[in-house]
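What the coordinates show
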Amino acid sequence: MRTNITRGSQMSGLMSYLAGAGKANEHTEQHLVAGDAAIMAMHGDAVLDRATALEIAKSLDRPRKFFGIEVTRLAVQKGDDGIALRDAAGAVVKERVQADVWHCSLSLAAEEGQLTDEKWGQIATDFVNRMGFAGDDLGKANCRWVAVRHGLSKNGNDHVHIAVSLVREDGTKADVNNDYNRSQKISQELERDYGLQVYTQPEREYGERGIKPGARESASRRGQIEPDMHRLERAIRAAAVSSVDEGEFVRRMRQAGVLIRPRFAAGRDDVVAGYSVALRPEKGQPVIWHGGGKLARDLTLPELRKGWPDRPETATVAVQEWRATAKNPWQYTPANPGRETREPSPDLWTQYARELRALREKMQAVPASDRDAWARVARETSGAFAAWSQRVETTPGPLAEASRSLARSAHLRAHETKARPVAWASAAGNAMVLMQVAQTGKPTLALALVMRELEKLSRAVHDMHRAAGDAHRASDVRSMMQHRLHTVSQQMPHIPDAGAGATAVQTLTAEQQQTRARMAAERGWADGTPLPTPLTRRAPDWAADTAAPQRGRDDDRGR
């Protein structure tokens, strides 16, 4: 069960939204399923129209107004470009804003179907009590609250919204410290208590940046099939994994047509603390900048630097590139053009395939508990698919989706990651060959060899998640391989097997060929053959995987 928390100051605005038609007219049969005893006695059986919603909002807000209590929180100030403002010392500027309204949605995956009003009422009441807002055993005055149900979300997710006034009935303030983590823990408890789908173990959770509805709507108005943030994330991953140092990364971002600018440390022009990127806007439209950390946890500059050698000479060259782009991101001219301007040698294809194979063999001895090592593998494999996608996909296709799926396994917090070991068999650097893939014509055998190794690395990431008990992520990677990579694999030329294997493929009967095609469709790839020849290693039974349903995003969040 997914939770999503927002804070605000307009209870009447929140209740009006919950009782309204919704942003896409998706709200139906708006009504209460649980809440404050007095409010439920008055409005529990009524249809939730605007007038009733405003009456409920007044009742919820009455303790705050009666006692004259203010509830505030610190919020980051942002400029017109959406970037956080900073003071002369380089610190983020914050301000106090009103925040007496606590709003949380509880959402099920679409595959779980719908619960009854009674069941949702019990879940909402237990959730509020365990959060410490109300309850007979609380030992404090209750906060006033209601739980609203108004049909399925646009994505088909059954859900409820909980609105809480943070001023208790005795004028004291409710404690919302660490409310996000507490809500996650309570959600997992309720999943077990009420027999709901348990998605993942909390210690295996991988964070992912959300996309605001406004960003999706903006992309839709411009005829784009994905938000700008996804496109920028893919460009960064492709440039990072294809670069051997920070300077080359900056130059490759320019080569990809992305605007990039540095954030220098306070009072310095030789120390870069971060960066932001933007797509070139249409004529007359503003530039929308995005910090790397806003796109994904692992795309901050400190995290990217962990994948490159830390040497004084490369740091000096990087600063020169940052200074060059800082002057004018629109007309940035590289200070020291490097290997990104040269065509890679054909020998690099074989070298890249060998390095991918060496990396995969190394990971066979790495336990699933080593999150840093596996996140590094996922990041580099994701970057390779991103580089390939940028070269051959004019619109996001299976390669872009494969990159995004694997990237989710790389989203660790900064304290969980380490610098890449010098001896690490890395995909970084040689991934640049994928940026030179021919955009037309048939794929080459060399490309097929690289594709095979990337598939096997993706499979290894799946096995890691499965061994760690992370059914949700394992299912995501498995689905990506079945429905995305399999599409790409079918376009690759056949790689001849050594010895008799090559002849065996030539002697398949029509029935055996159909069997082999069916196996490939079910598993996402087909390494072997249905002929009765001995296998050196048994392939995983992908079809027997316990498929965890995808979490549905609740797009009906109040603002």
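A few points on the structure. (Residues numbered from 1 in each chain as written. Predicted model: local features only at pLDDT ≥ 70, side-chain atom pairs only at ≥ 80, totals over all residues. Heavy atoms only, no water.)

**Details of the sheet that holds strand 1 (residues 2-8)**
Across a sheet, strands are paired by hydrogen bonds formed along the backbone, either parallel or antiparallel in direction. Spatial strand order, 1-5-7-6-2: five strands in an open sheet with antiparallel pairing. A single partner strand is all that each edge strand has here, and the edge strands are strand 1 and strand 2 (31-35). Adjacent strand axes in the sheet meet at a mean angle of 25° when their direction is disregarded. As paired strands, strand 2 and strand 6 (residues 145-149) are joined by four bridges and run antiparallel to one another. Paired with L32 across the strands is V148, a residue of strand 6. The strands touched by helix 1 (residues 11-19) are strand 5 (101-107), strand 6 and strand 7 (159-165); relative to strand 7, the strand with the most contacts, the crossing angle is about 165°. (Pairing = 2+ DSSP bridges. Helix = DSSP H or I, 4+ residues; strand = E, 2+ residues; numbered from the N terminus. Axes fitted to C-alpha atoms, helices over the stretch in contact; angles between N-to-C directions. Contact = heavy atoms within 4.5 Å.)

**Side note on the packing of aromatic side chains**
The full count for this structure, using the stated rule, is six aromatic pairs. Ring geometry for F66 versus F67: centroids 5.1 Å apart, planes at 90°, classification edge-to-face. When its relative accessible area of 36% is taken as the criterion, F67 is described as partly exposed. Here the aromatic rings of F249 and W308 are separated by 5.4 Å at their centres, their planes lie at 40°, and the arrangement is tilted. Of this pair, F249 sits in helix 8 (residues 246-255) while W308 sits in the loop between helix 10 (301-305) and helix 11 (312-327); the two residues are 59 residues apart in sequence, bridging distant segments of the chain. By relative accessible area, which is 0% here, F249 ends up buried. Taken together, F249, Y275, W308 and W322 form an aromatic cluster joined through their ring pairs. The lysine or arginine in question, R261, covers the ring of W289, its NZ or CZ lying 4.1 Å from the ring centre. (Phe/Tyr/Trp six-rings, centres within 6.5 Å; stacked < 30°, edge-to-face > 60°. Buried < 20%, exposed > 50% of the residue type's maximum accessible area, 1.4 Å probe, protein only. Lys NZ or Arg CZ within 6 Å of the ring centre and 35° of its normal.)

**A short note on the packing of helix 12 (residues 347-363) against helix 15 (residues 445-467)**
Orientation of helix 12 relative to helix 15, taken along the N-to-C sense of each, is 15°, at an axis distance of 9 Å. In terms of orientation, helix 12 and helix 15 fall into the roughly parallel class. As for the relative orientation of helix 12 and helix 15, their crossing is left-handed in sense. When helix 12 is examined against helix 15, the residues W349, Y352, A353, L356, R357, L359 and R360 are found in contact with a partner set consisting of A446, L447, L449, V450, E453, L454, K456 and L457. In the contact of helix 12 with helix 15, the residues fall into eleven nonpolar, no polar and four charged. (Parallel < 35°, antiparallel > 145°, perpendicular 65-115°, else oblique. Left-handed = near helix turned anticlockwise from the far one by under 90°. Nonpolar A, V, L, I, M, F, W, Y, C, P; charged D, E, K, R; others polar.)

**Points about helix 15**
Taking 1.5 Å per residue as the helical rise, helix 15 with its 23 residues ought to reach 33 Å, and the 33 Å between its terminal C-alpha atoms agrees with that figure. Of the residues trailing helix 15, G469 is marked for its positive phi of about 80°. (Expected span 1.5 Å × (residues − 1).)

**Comments concerning the sheet that holds strand 10 (residues 290-291)**
Strand order in the open sheet formed by three strands is 8-9-10, with antiparallel pairing between adjacent strands. The open sheet has two edge strands, strand 8 (259-264) and strand 10, and neither has a second partner. Here strand 9 (residues 272-278) pairs with strand 10 via two bridges, running antiparallel. In the sheet register, S276 faces strand 10, and the bridge partner there is G291. Contacts between helix 11 and the sheet are confined to strand 8 and strand 9, with strand 8 contributing the most and set at about 110° to the helix.

**Describing empty space enclosed by the protein**
Tallied over the full model, the rule gives three cavities of 30 Å³ or more. One number sums up the size of the largest cavity: a volume of about 240 Å³. Lining of the largest cavity is provided by 20 residues; of these, E303, L304, G307, R379 and E380 occupy positions nearest its centre. Tallied by class, residues from the lining of the largest cavity come to seven nonpolar, three polar and ten charged. (1 Å grid on protein atoms, 1.4 Å probe; cavity = no way out; pocket = protein on both sides within 12 Å on 5 of 7 lines; lining within 4 Å. Points joined across faces, edges and corners; volume = space filled by probe spheres on them.)

**Remarks on the pattern of salt bridges**
With the rule as written, the count across this model stands at 26 salt bridges. The partner of D117 in a salt bridge is R149, with the nearest N and O atoms 2.6 Å apart. Of this pair, D117 sits in helix 4 (residues 117-130) while R149 sits in strand 6, placing them 32 residues apart in sequence. When salt bridges with common partners are traced through the structure, they connect E233, R237, D298, R379 and R404 into a single cluster. (Salt bridge = Lys/Arg side-chain N within 4 Å of Asp/Glu carboxyl O.)

**Structural notes on the nonpolar core**
One finds Y352, F385, W388, L434, V450 and L454 to be the most contacted residues of the largest nonpolar core, which totals 41 residues. Elements with a minimum of two residues in this core: helix 12, helix 13 (371-392), helix 14 (398-407), helix 15 and helix 16 (471-489). Here this core takes nine residues from helix 15, the largest share from any one element. For L454, the contacting residues outside a window of four places in its chain are Y352, L356, T381, A384, F385 and L434. Grouped together as the second largest cluster of nonpolar side chains are 32 residues, V33, C143, W145 and I186 included. (Core = buried A, V, L, I, M, F, W, Y, C linked by side-chain atoms within 4.5 Å.)

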